[in-house]
Amino acid sequence: MKIDVLTLFPEMFETFRTSSILSRAVANNMVSIQTHNIRDFAANKHKNTDDYPYGGGAGMVMMVQPLSDAIKHVLAGYGEEKPKVIYLSPQGKVLTQSLAQQLSKEPALILLCGHYEGIDQRIIDRYVDMEISIGDYVLTGGELPAMVLIDCVTRLIPGVLGSSQSILEESHSAGLLEYPQYTRPAVYDGDAVPEVLLSGNHKEIERWRRQQSLKNTLLKRPDLLNRDALSDEDLKLLKELEDTF
Ligand SMILES: C[S@@+](CC[C@H](N)C(=O)[O-])C[C@H]1O[C@@H](n2cnc3c(N)ncnc32)[C@H](O)[C@@H]1O
């Protein structure tokens, strides 16, 4: 996947793209992340990228010209098939695992990071295919949201993570939260790992994990638990659990 990021602060992406799993995905040519400094496209003498809002009011607004030229420059690098242009915005559709799954199938994305009071509406009207928010709160800029989006989307690209099984079982992938995880040692300071995990009985382990997933979801995010979508086996596990409360 090719990702172009339009930002006033490209340096914020340096550590991000050279660390951890993402750096490996970049090194293996599974993902490319290119940043473009919007300021480089400002045509005015002082390289200004923002101006006062028409109609008055607080703050500054990112100007049309630098943004428009930056977007046109990036789009010119593509052929007939243009990538989706996404504006990170608190007014957008909230990012979920299923939206991340859809986006992970795109060959390319252009991410537009706003700042100040946001960007001139004419950019949104002319170029933006989708506005995406990372949650119902307001940040200073779109850089952190762009990194959040890149992280959760790229790890879903086949081959980026070691095991695709881990993605399938993760929280939010199949409607439930994940089960608790343990690693060595088996006993630490008197706290033991649940015995079933040491039993080698894969069927029992699977059953335990499924029940723990149901328990985590029930206790931490009951809003996610859709009983109508659960199998008879899941409902049985849930009933067993609820009887212990
Ligand atoms: C201070 S915000 C502008 C908020 C705008 N005045 C409004 O009320 O909708 C500046 C920039 O941060 C980014 N941003 C802030 N919160 C965000 C969120 N929850 N999700 C995605 N981007 C966000 C956007 O790119 C936005 O243009």
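Just so it is clear, the model here is predicted, and its values are computed rather than measured.

Calculation rules
- Residues numbered from 1 in each chain as written.
- Predicted model: local features only at pLDDT ≥ 70, side-chain atom pairs only at ≥ 80, totals over all residues.
- Heavy atoms only, no water.
- Domains from an automatic or database assignment.
- Pairing = 2+ DSSP bridges.
- Helix = DSSP H or I, 4+ residues; strand = E, 2+ residues; numbered from the N terminus.
- Axes fitted to C-alpha atoms, helices over the stretch in contact; angles between N-to-C directions.
- Buried < 20%, exposed > 50% of the residue type's maximum accessible area, 1.4 Å probe, protein only.
- Contact = heavy atoms within 4.5 Å.
- Near = heavy atom within 4 Å.
- Polar contact = N/O pair within 3.5 Å; in protein donor to acceptor, adjacent residues only side chain to side chain.
- Areas by Shrake-Rupley, 256 points an atom, 1.4 Å probe, with all protein chains shown as cover.
- 1 Å grid on protein atoms, 1.4 Å probe; cavity = no way out; pocket = protein on both sides within 12 Å on 5 of 7 lines; lining within 4 Å.
- Sits in = over half its atoms within 2 Å of the grid points.
- Nonpolar A, V, L, I, M, F, W, Y, C, P; charged D, E, K, R; others polar.

Things to note about the domain arrangement of the protein
When its domains are assigned, the protein resolves into domain 1 (2-154) and domain 2 (164-244). Distance from the C-alpha centre of domain 1 to the C-alpha centre of domain 2: 37 Å.

Brief notes about the sheet that holds strand β2 (residues 32-37)
Working definition: the strands of a sheet are paired by backbone hydrogen bonds and lie parallel or antiparallel to each other. Strand order across the open sheet formed by five strands is β2-β1-β6-β5-β7, with parallel pairing between neighbours. The strands lining the two open edges of the sheet, one partner per strand, are β2 and β7 (130-133). Strand-to-strand twist of the sheet, defined as the mean angle between neighbouring strand axes without regard to direction, takes the value 35 degrees. As paired elements, strand β1 (residues 2-7) and strand β6 (residues 108-113) share five bridges and run parallel to each other. Residue pairing for β6: Lys2 is matched across the bridge by Ala108.

Here's the deal with the environment of Phe16
Checked against the element boundaries, Phe16 lands in helix α1 (residues 14-17). The class of Phe16 is buried, set by a relative accessible area of 17%. C-alpha separation for the pair Phe16 and Asp191, spaced 175 residues apart in sequence, amounts to 36 Å. Not counting residues within four places of it along the chain, the set of residues in contact with Phe16 comprises Leu22, Met147, Ile150 and Asp151.

Observations concerning the site of the ligand
Taken together, 21 residues sit near the ligand, with Tyr87, Leu88, Gln91, Glu117 and Tyr137 positioned nearest. Note that an oxygen atom of the ligand is positioned 2.8 Å from one of the side-chain N or O atoms of Gln91. Protein contacts shield 86% of the accessible area of the ligand, which totals 580 Å² for the unbound molecule. With respect to the pocket detection grid, the ligand is positioned in the largest pocket. Residue assignment for the shell around the ligand shows that the elements contributing at least two residues are β5 (84-94) and β7. Taken together, the residues of the shell around the ligand sort by class into 10 nonpolar, 10 polar and one charged.

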